[in-house]
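Descriptive structure summary
Here is what each chain is made of, one letter per residue.
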Amino acid sequence: MLRNERLKRIFDKLYEHFGPQHWWPGETGFEIMLGAVLTQATNWGNVELAINNLKSRGLLNPKSINELPINELAQLIRPVGYYNQKARKIKNLVKYLIERYNGNISLMSKKPLHTLRQELLSISGIGNETSDSILLYALNKPIFVVDSYTFRVLYRHGFVGDEASYEEIQELFMNNLPHSVELFNEFHALFVALGKTYCKKNNPNCDSCPLKFDLEERGFI
């Protein structure tokens, strides 16, 4: 079976099993951007606590975050862990937003995907996954986000090797599927759901997995 056909079948099975994921949660593009930084090395429950701290203080906008002393920002986002480092990353992101786009997310979104990705990756503390999460979820740009769940599922199903790079995994989707914001959004979120419930790091539940058919067809189980 061709890779594009197999990926499409996997998507259909996951969507049938889990349904739409409504990801990424956030009321504004800026809130989603902050969430993409805050979620590094923590769970979403902690991110929600940090965002609610900022929201309750009326600080969920670039201007307010830019003017907020970094030590105060760090304390407000303390639930996410590594809060001092993440405060610096957020400050760097906000400085970029204000200097280049006057804090206007809509203005930023008019730039081409490739240009924005280069700009985001030039910000200290913003790596591939964070950059692409911002592009896809906050700016509605068609790029596939790769995370540990994505790698785990693809590796176990034989799509990639154990030393596959971020770019190699991303190209698997970019080269074999339509460049659709909606498709990339849903597919990534479905991989997260699969990784949390069935394709766990330890003791995966392959017998009940909605992708069991793929493993059976390939002779793994």
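Please refer to the structure higher up on the page.
First, a word on what this report is: a plain description of the structure on this page.

1. Describing helix H8 (residues 113-121)
- Every buried residue of H8 is listed here: Leu116, Arg117, Glu119 and Leu120. Around the axis of H8, the buried residues are gathered within 165° of arc, so they sit on the same side.
- Turning to H8, the residues buried within the fold contact helix H6 (83-101), helix H7 (105-109), helix H9 (128-138) and helix H11 (166-174).

2. Thoughts on helix H3 (residues 44-56)
- The first and last C-alpha atoms of H3 sit 18 Å apart over 13 residues, in line with the 18 Å expected at 1.5 Å per residue.
- Taken as a whole, H3 has its buried residues at Trp44, Val47, Ala50, Ile51 and Leu54. Along H3, the residues classed as buried sweep out an arc of 120° about the axis, all on the same side.
- At the N-terminal boundary of H3, the capping side chain belongs to Asn43, with an oxygen 3.0 Å from the backbone nitrogen of Gly45.
- Phi turns positive one or two residues past the end of H3, at Gly58, with a value near 70°.

3. Details of the nonpolar core
- Counting residues in hydrophobic clusters, the biggest one holds 73 residues, and the most contacted among them are Ile77, Phe173 and Phe187.
- At eight residues, H6 tops the list of elements feeding residues into this core.
- Sequence-distant contacts of Phe173, defined by excluding residues within four places in its chain, comprise Leu7, Phe144, Thr150, Leu154, Phe184, Phe187 and Phe191.

4. With respect to the pattern of salt bridges
- Under the definition given, this model contains 10 salt bridges.
- As a salt-bridge pair, Arg6 and Asp214 come within 2.9 Å of each other at their nearest N and O atoms. Of this pair, Arg6 sits in helix H1 (residues 3-18) while Asp214 sits in helix H13 (residues 212-217), and the two are 208 residues apart along the sequence. For the pair Arg6 and Asp214, a shared accessibility class is recorded, and that class is buried.
- A salt bridge links Arg117 to Asp132, with the shortest nitrogen-to-oxygen separation between them at 2.7 Å. Here Arg117, found in helix H8, pairs with Asp132, found in helix H9; they are 15 residues apart in sequence, far enough to count as distant. By the burial criterion, Arg117 is buried, and Asp132 matches it.

Rules of the game
- Residues numbered from 1 in each chain as written.
- Predicted model: local features only at pLDDT ≥ 70, side-chain atom pairs only at ≥ 80, totals over all residues.
- Heavy atoms only, no water.
- Buried < 20%, exposed > 50% of the residue type's maximum accessible area, 1.4 Å probe, protein only.
- Helix = DSSP H or I, 4+ residues; strand = E, 2+ residues; numbered from the N terminus.
- Arc of directions from axis to C-beta.
- Contact = heavy atoms within 4.5 Å.
- Expected span 1.5 Å × (residues − 1).
- Polar contact = N/O pair within 3.5 Å; in protein donor to acceptor, adjacent residues only side chain to side chain.
- Core = buried A, V, L, I, M, F, W, Y, C linked by side-chain atoms within 4.5 Å.
- Salt bridge = Lys/Arg side-chain N within 4 Å of Asp/Glu carboxyl O.

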